[in-house]
Amino acid sequence: MANEENFVSLEVANRYMLLPVQENSPEAKIGIIKDNLQVGVYSNVRLARERVDYYVPFELSEYKGEYVTIDIQGVPENAICWRYFKVSDLFDTTNTEKFRPSYHHTPAYGWMNDPNGMFYKDGVYHLYFQYNPYGSMWGNMHWGHSTSTDLVNWKNEGVAIAPDAVGTIFSGSCVVDHNNTSGFGEGAVVAFYTSAKQTPWGDCQTQSMAYSLDNGKTFIKYANNPILTSSEKDFRDPKVFWYAPKEHWVMMLAVGQHMEIYSSKNLKDWTKESEFGEGHGCHGGVWECPDLVELPIEGTKDKKWVLICNINPGGPFGGSATQYFVGDFDGSTFTNNYPEETKWMDYGKDHYATVTWNNAPDGRCIAIGWMSNWQYANNVPTLQYRSANTIARDLSLFKQDGNLFLKSEPCKEMVEARKDGRQIKTVNVAKTETVSLSPQSDNGAYEVELSINPEKSKEVSFTLSNGKGEKVLMIYDVVKKTFSMDRTMSGNVSFSKDFPATTIMPVGKSKNLKLRLFVDKSSIEAFTENGKYVMTNCVFPSAPYDTVTFESDGNRYKVNNINIYQIK
Ligand code: FRU
């Protein structure tokens, strides 16, 4: 028989069994049997058949000193994993990857997608995320957990919520229950997530909850999960927040290609209030990871509600992207003020699953996104870990021509994180001018700020490049008022046909273009006018980009106040 079920019985003496993984192997199943009963759930692991790409740790610490049987299903007898299983008390998470960013959040090892359940409490920002601890490809969804006091430096806190008999743990949110409406305890942190289960009769998605009495470190699952069910196939990503005027909680859910809005007094019993989405915005794919926030309008005392809607596929440059709607919300129903339009939050290829922090300080609305795209996320050239998050962004609204748009500013902590800055006052470009970004760019993680005065030019173009001939071409089209980024020659682009691309965005009215570029080993985030228009793209250069070369269309232009910073 080619595929077998194998039982390995052992007296547990170590914390981990280390599993050898080969990324292009099919998934095998691994689980624990104790006293003839299955304990916990089975995990899918790409156990090595011909070669070992890396190891992942399989936690056995709770059985130390006891006899257990490891049940391994779906691995042929001649697979090399049988020779490479190890037991150990240690698993080395020292960074081994040259593309791992230094000031963006990444998991210590394994796969990450959507940011989940972010909340702020007692001076700490909590960030959970879709996490596979058993390989660097999507699967076995857990909530991983990281914390930060400055939104720039992140500490890995391990797994917070693991799969159970109700399902694997898909995306969702947390709230701080200040008034103990749930009865779990004053100040309890309550998490909402989608339990996703594959059954022989099809996929099933339901909503579940868990609560934490130790500020989000550990969670106790609610005994009566799931709390919301539906016959819809795509029914997920609960985002919960408090709506003060009606003194109730609101839950946003992504259901196929629309959103559903629910309300509750106690976080446990939910009533459907309304639906939103049919005929609005882009419908090129499934709607996922909703959020609904009230934001101030720059320069006024007014506020409007913004419904964030991640969509995959259907993004402006293929695959996943984030659209949003601006309008009114009365605690039950969302009304879109611009029903004729599709608005995009970020014009790059790598900005997805963006949601905001609950209970953020000083009235701030802080968002973070997953810096990848479902078109190729599983295939990007990293191994120890896969995917990073964007830098955190402060959200507000701005007016232009009587219309309202979302502004995503780099969070103010990014300014505090600057160090060893260097300024170049003015570069006059007649034909070609080259500026070195070194030494700030030496480790590939830096910020460049600049202001382009095009004078009579119709097109201002410049490249970020390294000594290997790899470059990212950016063009400010002064006539069309657009900014574009071409990564087709940026480095390794061969892992997916969808990766080489040029992305383009509007830049508003002003003639001078102010730019902040955040470069971090394998990503570039471009903010014009400090966040009015934003573009996030991943890149995989073989050496850091250390040079910027400005080129003219024959007319002279000026680049002012070039500031280059390292990031602390
Ligand atoms: C978005 C998403 C969510 C889902 C999660 C599963 O990227 O598809 O809708 O909850 O990923 O990992």
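Residues numbered from 1 in each chain as written. Predicted model: local features only at pLDDT ≥ 70, side-chain atom pairs only at ≥ 80, totals over all residues. Heavy atoms only, no water.

Chemist: Looking at this structure, how should I read the layout of surface pockets?
Modeler: Over the atoms, a rolled probe matching the size of one water molecule traces out where space is still vacant. The computed volume of the second largest pocket comes to approximately 680 Å³. Around the second largest pocket sit 30 residues that line it, and Phe241, Trp242, Trp357, Asn358 and Asn359 are the ones nearest its centre. Here the lining of the second largest pocket gets six residues from one element, more than from any other, and that element is strand β20 (residues 286–296). (1 Å grid on protein atoms, 1.4 Å probe; cavity = no way out; pocket = protein on both sides within 12 Å on 5 of 7 lines; lining within 4 Å. Points joined across faces, edges and corners; volume = space filled by probe spheres on them. Helix = DSSP H or I, 4+ residues; strand = E, 2+ residues; numbered from the N terminus.)

Chemist: In this structure, what is going on with the domain arrangement of the chain? I would like to understand it.
Modeler: Often, the extent of an interface is quoted as the loss of accessible area on bringing the components together. Domain assignment breaks the chain into domain 1 (5–88), domain 2 (111–375 + 386–410) and domain 3 (417–567). Summing both sides of the interface, domain 1 and domain 2 together bury roughly 850 Å²; the carbon and sulfur share of this comes to 50%. The interface formed by domain 1 and domain 2 holds one salt bridge in total. For Arg386, the salt bridge identified is with Glu23, shortest N-O distance 2.8 Å. Taken together, the connections running from domain 1 to domain 2 amount to three residue pairs in polar contact (both at pLDDT 80 or more). If you list the elements that add at least two residues to the side of domain 1 that touches domain 2, you get β4 (37–45) and β5 (54–59). In terms of residue class, the side of domain 1 that touches domain 2 is built from seven nonpolar, two polar and three charged. (Domains from an automatic or database assignment. Buried area = accessible area lost by both parts, 1.4 Å probe. Salt bridge = Lys/Arg side-chain N within 4 Å of Asp/Glu carboxyl O. Polar contact = N/O pair within 3.5 Å; in protein donor to acceptor, adjacent residues only side chain to side chain. Nonpolar A, V, L, I, M, F, W, Y, C, P; charged D, E, K, R; others polar.)

Chemist: Explain the site of the ligand to me, please; I cannot follow it from the model alone.
Modeler: Neighbouring the ligand are the residues Asn113, Asp114, Gln130, Trp138, Met141, Phe170, Ser171, Arg236, Asp237, Glu288, Tyr352 and Trp374. One of the side-chain N or O atoms of Gln130 is found 2.6 Å from an oxygen atom in the ligand. A distance of 2.6 Å separates an oxygen atom of the ligand from a polar atom in the side chain of Arg236. Protein chains bury 95% of the 310 Å² of accessible surface belonging to the ligand in isolation. (Near = heavy atom within 4 Å. Areas by Shrake-Rupley, 256 points an atom, 1.4 Å probe, with all protein chains shown as cover.)

Chemist: What's the story with the packing of aromatic side chains in this structure? I'm lost.
Modeler: Each aromatic ring pair is characterised by the separation of its centres together with the angle its planes make. Scanning the entire structure with this criterion turns up 39 aromatic pairs. Both rings, one in Tyr109 and one in Tyr131, keep their centres 6.3 Å apart while their planes meet at 70°; by these two values the pair is edge-to-face. Remark: Tyr131 occurs in strand β9 (residues 124–132) and Tyr109 occurs in the loop between β7 (86–88) and β8 (110–121); sequence separation between them is 22 residues. Taken individually, Tyr109 and Tyr131 each receive the classification buried, so the pair is uniform in this respect. A centroid spacing of 5.8 Å and a plane angle of 35° characterise the contact between Phe398 and Phe405, whose relative ring orientation is tilted. Ring pairs connect the aromatic residues Phe99, Tyr376, Phe495, Phe499 and Phe540, which therefore count as one cluster. (Phe/Tyr/Trp six-rings, centres within 6.5 Å; stacked < 30°, edge-to-face > 60°. Buried < 20%, exposed > 50% of the residue type's maximum accessible area, 1.4 Å probe, protein only.)

Chemist: What should I look at first to understand the sheet that holds strand β2 (residues 16–21) in this one?
Modeler: The strands making up a sheet associate through hydrogen bonds between their backbones, and the pairing can be parallel or antiparallel. Across the sheet, which stays open at both edges, the three strands sit in the order β5-β2-β7 with antiparallel pairing between neighbours. The sheet terminates laterally at β5 and β7, the two strands that pair on one side only. With direction set aside, neighbouring strand axes in the sheet form an average angle of 35°. The pairing of β2 with β7 spans three bridges and is classified as antiparallel. Within β7, the residue paired with Met17 across the bridge is Val87. (Pairing = 2+ DSSP bridges. Axes fitted to C-alpha atoms, helices over the stretch in contact; angles between N-to-C directions.)

Chemist: Looking at this model, I keep getting lost on empty space enclosed by the protein. Mind explaining?
Modeler: The tally for this structure, following the rule as stated, stands at five cavities of 30 Å³ or more. In this model, the largest cavity occupies a volume close to 120 Å³. Every residue along the wall of the largest cavity is listed here: Pro101, Met371, Ser372, Val380, Thr382, Tyr385, Ser387, Ala388, Ser522, Ser523, Cys538 and Phe540. Residues of the lining of the largest cavity, tallied by class, amount to seven nonpolar, five polar and no charged. Among the domains, domain 2 (111–375 + 386–410) and domain 3 (417–567) are the pair contributing at least three residues each to the lining of the largest cavity. One number sums up the size of the second largest cavity: a volume of about 70 Å³. Forming the boundary of the second largest cavity are 14 residues, of which Arg46, Asn132, Tyr134, Gly135 and Met137 lie nearest the centre. Taken together, domain 1 (5–88) and domain 2 (111–375 + 386–410) each give at least three residues to the lining of the second largest cavity, which thus spans both.

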